[in-house]
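Spelled out, the chains give:
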Amino acid sequence: QVQLVESGGGLVQAGGSLRLSCAASGSIYRLNVMGWYRQVPDKQREQVAVANKGGTTNYADSVKGRFAISRDNAKNTVYLQMNNLKPEDTAVYYCNLAQYGNQYWGQGTQVTVSS
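To start, this report covers the structure provided alongside it.

Reading the values: the criteria
Residues numbered from 1 in each chain as written. Predicted model: local features only at pLDDT ≥ 70, side-chain atom pairs only at ≥ 80, totals over all residues. Heavy atoms only, no water. Phe/Tyr/Trp six-rings, centres within 6.5 Å; stacked < 30°, edge-to-face > 60°. Helix = DSSP H or I, 4+ residues; strand = E, 2+ residues; numbered from the N terminus. Buried < 20%, exposed > 50% of the residue type's maximum accessible area, 1.4 Å probe, protein only. Lys NZ or Arg CZ within 6 Å of the ring centre and 35° of its normal.

## A closer look at the packing of aromatic side chains
Inspection of the entire model under this criterion finds two aromatic pairs. With a centroid separation of 5.6 Å and 90° between ring planes, the pair formed by Tyr29 and Tyr100 is classed as edge-to-face. One end of the pair, Tyr29, is in the loop between β3 (18-26) and β4 (33-39); the other, Tyr100, is in the loop between β9 (91-99) and β10 (102-105), with 71 residues separating them in the sequence. Seen from their ring centres, Tyr37 and Trp105 are 5.0 Å apart, and the 75° between their planes marks the pair as edge-to-face. On the criterion of sequence distance, the pair formed by Tyr37 in strand β4 and Trp105 in strand β10 is long-range, its members being 68 residues apart. A relative accessible area of 36% means that Trp105 is categorised as partly exposed. A cation sits over an aromatic face here: Arg19 above Tyr79, 4.1 Å from the ring centre. One residue, Arg45, lies across the ring of Tyr94, its end atom 3.7 Å from the ring centre.

So, in structure tokens, the structure goes:
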């Protein structure tokens, strides 16, 4: 089993920044992808940014140039630096770890951006 613990959400004004962190523990294998997804009520969860252990990243078009994902593989931790936040970034953000066909999710952290 894998456990994911997120931190760093909160309330921020438009144009501000937040940094999310997610620490993974448990049965973590050498090859995995970690990333962030977000969800608002009545909408599907959407991918925000993902990164593999080699450093390859992928971003949603809506966050390119504003968000940056990074990993500390020694600590099994993934970060999401969010800059120039917009009200439409308001959502519950979930950490995800994918390995060998299995998906694991954190409990979610609320990010609210006021206009």
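There's plenty left to go through after this.
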